[in-house]
Amino acid sequence: MDDRGASFVAVRRISQGLERGNTCHSTSGSTAWLGRGLSCVCAQRRESDTRPSFDLTPSQEECLQRLQNRIDIAYDSSIPEHQEALRALWNAAFPEEELRGLISEQWKEMGWQGKDPSTDFRGGGFISLENLLFFARNFPKSFQDLLWKQEGDRSVWEYPFAVAGVNITFMLIQMLDLEAVKPRTIIGAIFLKFLSENESAFDLLYCITFKLMDHQWLSMRASYMDFNTVMKATRRQLERELLLEDITRLEDLPSYGLLTR
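Remember, it's a predicted structure, so these values are computed and weren't measured experimentally. (Residues numbered from 1 in each chain as written. Predicted model: local features only at pLDDT ≥ 70, side-chain atom pairs only at ≥ 80, totals over all residues. Heavy atoms only, no water.)

1. Describing the overall build of the chain
At step 1: Counting secondary structure elements, the chain contains 10 helices and 3 strands.
At step 2: Split into buried and exposed, the 261 residues of the chain put 52% on the buried side.
At step 3: Summed over all atoms, the accessible surface of the chain reaches about 12,300 Å², with 48% contributed by carbon and sulfur. (Helix = DSSP H or I, 4+ residues; strand = E, 2+ residues; numbered from the N terminus. Buried < 20%, exposed > 50% of the residue type's maximum accessible area, 1.4 Å probe, protein only. Areas by Shrake-Rupley, 256 points an atom, 1.4 Å probe, with all protein chains shown as cover.)

This is the structure we're talking about:
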């Protein structure tokens, strides 16, 4: 239980039991809990955090709007494009195992909390599925390593992979203040520069963050009760890296090396 009295849903290490651009958008609604289990790491704005807005060039404004448009799209299981993206995610994760249906007990193998992943997408929207699919297609080794918890000395009870991914999407949207008309923090302004130069910047940062989160998880010897603490530590480390003076692109972030090793 966390301090709100809400219970976590943990998953046992699956590896023990199995061998085997240029657009944006925003999310609305309750953000207290994502995936019905793991709580999101929500930014608590204080007066001391308030900073003036940063002016945008027309091209940056267009890039931000496109990304915000992506963020606004809710996952809808009745839309063929969304169905195909979900099937594609399964095929990327389990290429040798046939999916029996978009509603199936099989989805629990990926770390969804029930047999219908659409119920877990409510916190992150369609972009959280796009993030996972981008990760699987562009960094397949790291994706599989995290899915199967293949690195490090793991705890017996691990975070659910897919639901953790939805939490990461939501955390990044908050950290980068992507629902604002224009950046109100230097972190947001720095990211927008990367976005204007790389339409996949949000997806790439997602992959880096997921790998960094797992690295923090192992370093802290965490178990499922520590997920929120790990997410907060991940956010702090990511913010520190984005503020480094010699970072001119996301590939320069120290944590990018975790993704490609």
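2. Focus: unusual backbone geometry
At step 1: Not every positive phi belongs to a glycine, and Asp-177 is a case in point at roughly 55 degrees.
At step 2: The phi dihedral of Arg-221 falls on the positive side, at around 50 degrees, and the residue is not glycine.
At step 3: For Arg-221, the location among the structural elements is in the loop between helix 8 (201–219) and helix 9 (227–242).

3. Section: the packing of helix 7 (residues 186–197) against helix 8
At step 1: The contact between helix 7 and helix 8 brings their axes to 8 Å, and the two run at 120 degrees. When the axes of helix 7 and helix 8 are compared, the pair comes out oblique. Contacts between helix 7 and helix 8 involve Phe-191, Phe-194 and Leu-195 from the first element and Ala-201, Phe-202 and Leu-205 from the second.
At step 2: Partitioned by chemical class, the residues of the contact of helix 7 with helix 8 number 6 nonpolar, no polar and no charged. (Axes fitted to C-alpha atoms, helices over the stretch in contact; angles between N-to-C directions. Parallel < 35°, antiparallel > 145°, perpendicular 65-115°, else oblique. Contact = heavy atoms within 4.5 Å. Nonpolar A, V, L, I, M, F, W, Y, C, P; charged D, E, K, R; others polar.)

4. Re the packing of helix 6 (residues 161–175) against helix 9
At step 1: Where helix 6 meets helix 9, the axes come as close as 11 Å, and the angle between the chain directions of the two elements is 45 degrees. Here helix 6 is positioned oblique relative to helix 9, judged by the angle of their axes. As for how helix 6 packs across helix 9, the hand of that crossing is right-handed. Residues Ala-164, Asn-167, Ile-168, Met-171, Leu-172, Gln-174 and Met-175 of helix 6 form the contact with helix 9, whose own contacting residues are Phe-227, Met-231, Thr-234, Arg-235, Leu-238, Glu-239 and Leu-242.
At step 2: Looking at the contact of helix 6 with helix 9 residue by residue, the classes come out as 9 nonpolar, 3 polar and 2 charged. (Left-handed = near helix turned anticlockwise from the far one by under 90°.)

5. Overview of the pattern of salt bridges
At step 1: A full pass over the atoms with the stated rule returns 16 salt bridges.
At step 2: In this structure, Arg-70 and Glu-130 form a salt bridge, with 3.1 Å as the shortest nitrogen-oxygen distance. With Arg-70 in helix 2 (residues 58–71) and Glu-130 in helix 4 (residues 126–138), the pair connects residues that are 60 residues apart, well separated along the chain.
At step 3: For Arg-70, a relative accessible area of 14% translates into the label buried.
At step 4: Under the relative-accessibility criterion, Glu-130 is labelled partly exposed at 26%.
At step 5: Among the salt bridges present, the one from Glu-84 reaches Arg-87, with a minimum N-O distance of 2.7 Å. Linking Glu-84 with Arg-87, this pair stays in helix 3 (residues 80–93), spanning 3 residues, or about one helical turn.
At step 6: Residue classification places Arg-87 among the partly exposed residues on the basis of a relative accessible area of 32%.
At step 7: Among the charged side chains, a network of salt bridges with common partners joins Arg-70, Glu-130 and Asp-203. (Salt bridge = Lys/Arg side-chain N within 4 Å of Asp/Glu carboxyl O.)

6. Examining the confidence of the model for the chain
At step 1: With 80% of its residues at a pLDDT of 70 or more, the chain shows a mean pLDDT of 83.
At step 2: Here residues 1–49 scores under 50 on pLDDT; set against residues more than four positions off or in separate chains, the count is 133 contacts. (pLDDT = per-residue confidence, 0-100.)

7. Looking at the packing of aromatic side chains
To describe a pair of aromatic rings, you give the distance between the ring centres and the angle between the ring planes.
At step 1: In this structure the tally under the stated criterion is 14 aromatic pairs.
At step 2: Plain terms: the ring middles of Trp-90 and Phe-94 are 4.3 Å apart, the flat faces sit at 45 degrees to each other, and that makes the pair tilted. With respect to burial, Trp-90 and Phe-94 carry one shared label: buried.
At step 3: A ring pair is formed by Phe-94 and Trp-148, whose centres lie 5.7 Å apart and whose planes are at 80 degrees; its orientation type is edge-to-face. In this pair, Phe-94 sits in the loop between helix 3 and helix 4 while Trp-148 sits in the loop between helix 5 (140–147) and strand 3 (157–158), placing the two residues 54 residues apart along the sequence.
At step 4: According to the relative accessible area criterion, Phe-94 is buried, its value standing at 4%.
At step 5: Linked through ring pairs, Phe-135, Phe-143, Phe-161, Tyr-206 and Phe-210 together constitute an aromatic cluster. (Phe/Tyr/Trp six-rings, centres within 6.5 Å; stacked < 30°, edge-to-face > 60°.)

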